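What the coordinates show
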Amino acid sequence: ACAAAKKFSVCGLNGSVTLWDMDSRALVKSDASLPSPAVAAVFSPDGTKIALGLRKGTLHVLEVPELLLVESIELSETLPIVDLKWSLKDVLCIAFGTTIQVIDMTWTKRATCVCPDSINAMDIAGEEQLVRASCDDGSLIGFDFTSGELIENSEQLKEANWETRTVNSAVDVQAIASSSKFSL
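In what follows, the accompanying structure is described. This is a predicted model, so every value here is computed, not measured. (Residues numbered from 1 in each chain as written. Predicted model: local features only at pLDDT ≥ 70, side-chain atom pairs only at ≥ 80, totals over all residues. Heavy atoms only, no water.)

In the structure shown here, the tally under the stated rule is zero aromatic pairs. Directly above the ring of Trp 162 sits Arg 132, whose terminal nitrogen or CZ lies 4.2 Å from the centroid. (Phe/Tyr/Trp six-rings, centres within 6.5 Å; stacked < 30°, edge-to-face > 60°. Lys NZ or Arg CZ within 6 Å of the ring centre and 35° of its normal.)

Next comes the structure, spelled out in C-alpha cells:
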C-alpha cells in the first residue's frame, strides 16, 4: 500500500509490517507482532493510519509512523480479508468471503453487503457512496455503502467516479446480479 505522505508499507507473510520512506528508501519502522499474516493493506486518505487485513479475518488499524494499534476488529474466524479500500469520506470497506463490511471512523459497522459468490476485488466511489465487487462467479455487484442495498442499475455503476480501479470493468457487457439471487 502507498500513502500520500510518501510512505510505503510492505506486509510480510511472517506477521510483520514494515514502513519505508519512498524518497530516501530508508526504513521508518518495522513491527513483527501481528497475530497472523497480513494479506491486505490500505492507508487512510491523510496517511496517518494503515489498515491491515489479516489472514485470520481480523482488521488491525495502526497509527503511522509509530505502528501503534488503534483498533482491532474480528470480522471472521475462518475467512481471510481479501481486499481493503479506504474512502476519501473516511469509510473503510473490508472484503472477506462473500461479505463487504463497511465501517466508519468511530469503528462502527455501518452496512453489510453480501454477494452471491466469493469476492476477489472491490472498488469504492465515495462521492456516490458506492462499492462494487468482482466475484469468483464472474459477476459484478454494486452496493450503496451507507445501507448495504444492492444497486441494480448498471448505468449508475458505470457512471460513478471510482476512487480505486481494482475491479476489471472495461468489458462491453457486465453481469449485474439481481436481488433475487441473494438476500441482504
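Attention shifts here to the pattern of salt bridges. Here the structure, examined in full by the defined rule, presents three salt bridges. With a closest N to O distance of 3.6 Å, Glu 127 and Lys 89 form a salt bridge. Taken together, the residues span a long stretch of sequence, with Glu 127 in the loop between β12 (119–125) and β13 (130–135) and Lys 89 in the loop between β8 (81–86) and β9 (91–96) at a distance of 38 residues. Residue Glu 127 is classed as exposed on the basis of its relative accessible area of 59%. You can call Lys 89 partly exposed: its relative accessible area is 43%. For Asp 123, the salt bridge is made with Arg 132, and the minimal N-O distance between the two is 3.1 Å. By relative accessible area, which is 0% here, Asp 123 ends up buried. (Salt bridge = Lys/Arg side-chain N within 4 Å of Asp/Glu carboxyl O. Helix = DSSP H or I, 4+ residues; strand = E, 2+ residues; numbered from the N terminus. Buried < 20%, exposed > 50% of the residue type's maximum accessible area, 1.4 Å probe, protein only.)

This part covers the sheet that holds β12. Spatially, the four strands line up as an open sheet ordered β12-β13-β14-β15, and their pairing is antiparallel. Lying at the two open borders of the sheet, with one neighbouring strand each, are β12 and β15 (150–151). Bridge count for strand β14 (residues 140–144) against β15 is two bridges, and the pairing is antiparallel. By the bridge assignment for β15, Phe 143 is matched with Leu 150. (Pairing = 2+ DSSP bridges.)

This part takes up the pairing of strand β6 (residues 58–63). Most of β6 sits out of view: five of its six residues are buried. The pairing of strand β5 (residues 49–54) with β6 spans five bridges and is antiparallel. Each residue of the ladder has a partner; that of Lys 49, found in β6, is Glu 63. A loop of three residues connects β5 with β6, the two strands running antiparallel in sequence, and Gly 57 in this loop sits at a positive phi of about 80°. Judged from the six bridges that link them, β6 and strand β7 (residues 68–74) form a sheet pairing that is antiparallel. Residue pairing for β7: Leu 59 is matched across the bridge by Ile 73. Connecting β6 to the next strand, β7, in antiparallel fashion are four residues, including Leu 67 with a positive phi near 60°.

Looking at where Leu 150 falls in the secondary structure, it is placed in strand β15. Residue classification places Leu 150 among the buried residues on the basis of a relative accessible area of 15%. Separated by 35 residues in the primary sequence, Leu 150 and Cys 115 place their C-alpha atoms 9.4 Å from one another.

In this section: the environment of Lys 29. Looking at where Lys 29 falls in the secondary structure, it is placed in strand β3 (residues 26–31). On the basis of relative accessible area, Lys 29 is assigned to the partly exposed category, the value being 35%. In this structure the C-alpha to C-alpha distance between Lys 29 and Thr 18, which are eleven residues apart in sequence, comes to 6.0 Å. When near neighbours in sequence (up to four residues on either side) are disregarded, Lys 29 contacts Val 17, Thr 18, Leu 19, Pro 65, Glu 66 and Leu 67. (Contact = heavy atoms within 4.5 Å.)

Bear in mind that shape data such as this cannot, by itself, settle questions of function.
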